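Here's the letter readout for the chains.
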Amino acid sequence: MVHPKIMDVINFDVCTACGACVSACPAGAITMGKAAEIRDPDNLELYTQGAAPNVCEGCLTCSRICPVVDGYYEDEFANVRSFLAAKSNIAGQDGGVTSAIARSLLRQGEIDCVVGITMNEKWETELELFTNAEDVEKAKGTKYTYDSVLSALRDPFNEYEKIAVIGVPCQAHGARLISENVNDKIVLIIGLLCMESFYHDVMQEKIIPEIVGVNIADVKKMDFGKGKFWAYTKDGEEHSVKIAEVAPHARNPCHHCNDYTSVFADISVGSVGTPDGWNCVLLRTDAGEKYFKMVESELEFMEDPKPGMGLIEKLAKMKHDNNSEHYLEVCEKFSFDDGGFR
Ligand SMILES: Cc1cc2nc3c(=O)[nH]c(=O)nc-3n(C[C@H](O)[C@H](O)[C@H](O)COP(=O)(O)OP(=O)(O)OC[C@H]3O[C@@H](n4cnc5c(N)ncnc54)[C@H](O)[C@@H]3O)c2cc1C
Ligand code: SF4
Ligand code: SF4
Ligand code: SF4
């Protein structure tokens, strides 16, 4: 068995698959396979429970580091210290700022490692641990499917002292809870903005071939923007459908998620609020400001970017309006009292 709170999160299908519990459980009671990201909501084999049954030692760690148990902030902008528009010399998803920060900090020896998500031609993804600055670019580009980034930290927690995490808001949240409750090896959390993500099979078998109508092996980039989901193909063509056609197919936990901008990150990075090819960057903590200062000479900045912070706030409000009731309904079913908003 794993801890009952975690079992509730899984049973009510609101587990984001962030993987925090996998890395944090001292008993190794929780493991997660690729199935976690593509699982059928009716099939709760998300976790294969440790080598031995009843391996859980009841230490409560997992219940302290689960973002869904922890709950959400009503105001996810209260800790934003600065809003910037930046880009790098890396041809990333947007301005490549995420990869550039990780690359520079690895080069400077300020971090020992970071986990990235790489993919093959068919958009099948892998979690990869990077210790070499020049490898970081292998993970550039957004995959709108989900991989359990934090579960890949189990071994690095034993091997490295200065770990950076790059992840979507639920992963930034789990990473923050690990650093506050389990160990202080995560020195920097770069959180991406995120409206939703998709199971791998839904992306590969439904959204790209059926809804967008292209072969996934021909797609070189996917993106959300201007009310549409875009697939750019290798022949130079642009294919798009309204976001409303794909959003209902998002993973179930995403319909319960109330963090758009990675409120628990040190540095949040997205594209919204800035022109194409640029990143919006939100600095939120002392660590965020400290590490960003170390890399800013490698970035280009834009004064007074348009459409600006107002659009980020509008989209965050839309996510909260869509999802807060769903989340509170699930909280009522939990057999414990945590969760909810603060
Ligand atoms: C599922 C998802 C939804 C998003 N939704 C929005 C949105 O609504 N609005 C917005 O402004 N921005 C959104 N983003 C962020 C945006 O797509 C870019 O990731 C961000 O602007 C950083 O761009 P970059 O050029 O700096 O990234 P790059 O320099 O290209 O680096 C990309 C980094 O993201 C990591 N990564 C890629 N896919 C994933 C994934 N699925 N999970 C975790 N890490 C991943 C890679 O490992 C790499 O480190 C989303 C990202 C994801 C993954
Ligand atoms: S309570 Fe402790 S031992 Fe049990 S599953 Fe959670 S983290 Fe592991
Ligand atoms: S910590 Fe993450 S992976 Fe574990 S139960 Fe909670 S949401 Fe799921
Ligand atoms: S919408 Fe929330 S739960 Fe879904 S991937 Fe994004 S941050 Fe995680």
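What counts, and where the lines are drawn
Residues numbered from 1 in each chain as written. Chains lettered and ligands numbered in written order. Predicted model: local features only at pLDDT ≥ 70, side-chain atom pairs only at ≥ 80, totals over all residues. Pairing = 2+ DSSP bridges. Helix = DSSP H or I, 4+ residues; strand = E, 2+ residues; numbered from the N terminus. Axes fitted to C-alpha atoms, helices over the stretch in contact; angles between N-to-C directions. Contact = placed C-beta atoms within 7 Å. Parallel < 35°, antiparallel > 145°, perpendicular 65-115°, else oblique. Nonpolar A, V, L, I, M, F, W, Y, C, P; charged D, E, K, R; others polar. Buried ≥ 20, exposed ≤ 12 C-beta atoms within 10 Å, placed from the backbone. Arc of directions from axis to C-beta. Near = placed C-beta within 6 Å.

Novice: Can you walk me through the sheet that holds strand β9 (residues 228-233) in this structure?
Specialist: In spatial order, the strands read β8-β9-β10; together these three strands make up an open sheet with antiparallel pairing. Looking along the sheet, the strands with just one partner apiece sit at the ends: β8 (219-225) and β10 (238-242). Across the sheet, the mean angle from the axis of one strand to that of its neighbour is 20°, orientation sign disregarded. In this sheet, β9 lies alongside β8 in antiparallel orientation, the contact comprising six bridges. What sits directly across from Asp223, in β9, is Trp230. Set on the sheet, helix α9 (residues 200-212) makes contact with β8, β9 and β10; between it and β10 the angle comes to about 100°.

Novice: Please explain the packing of helix α6 (residues 97-107) against helix α11 (residues 286-295) as it appears in this structure.
Specialist: Each packed pair of helices is defined by two parameters, the angle between the axes and the distance between the axes. Remark: α6 packs on α11, axes separated minimally by 9 Å, with the N-to-C direction vectors making an angle of 80°. As summarised for this structure, α6 and α11 are arranged roughly perpendicular, according to the angle between their axes. Contacts between α6 and α11 pair Ala100, Ile101, Ser104 and Leu105 from the former with Tyr291, Met294 and Val295 from the latter. Among the residues forming the contact of α6 with α11, the class breakdown is six nonpolar, one polar and no charged.

Novice: Would you mind going over α11 with me for this structure?
Specialist: Given 3.6 residues per helical turn, the α-helix brings residues three or four places apart onto the same face. For α11, the full list of buried residues reads Gly288, Tyr291, Phe292 and Val295. One face of α11 carries all of its buried residues, which in axial projection span an arc of 105°. Exposed and oriented more than 90 degrees from the buried face of α11 are Asp286 and Lys293. Tucked into the core, α11 has its buried residues touching α6, β7 (186-192), β11 (267-270) and β12 (279-283).

Novice: In this structure, what is going on with the site of ligand 4? I would like to understand it.
Specialist: Around ligand 4, 13 residues are found, and the nearest of them are Pro169, Cys170, Cys194, Cys254 and Cys257. Here the residues of the shell around ligand 4 sort into eight nonpolar, two polar and three charged.

Novice: Sorry, what's going on with the site of ligand 1 here?
Specialist: Lining the immediate environment of ligand 1, one finds 35 residues, of which Gly92, Thr98, Ser99, Gly270 and Val272 sit closest. Within the residue set of the shell around ligand 1, elements represented by two or more residues are α6, β4 (113-119), β6 (163-167) and β11. The element best represented in the shell around ligand 1 is α6, accounting for three residues. Its residues placed into classes, the shell around ligand 1 shows 16 nonpolar, 15 polar and four charged.

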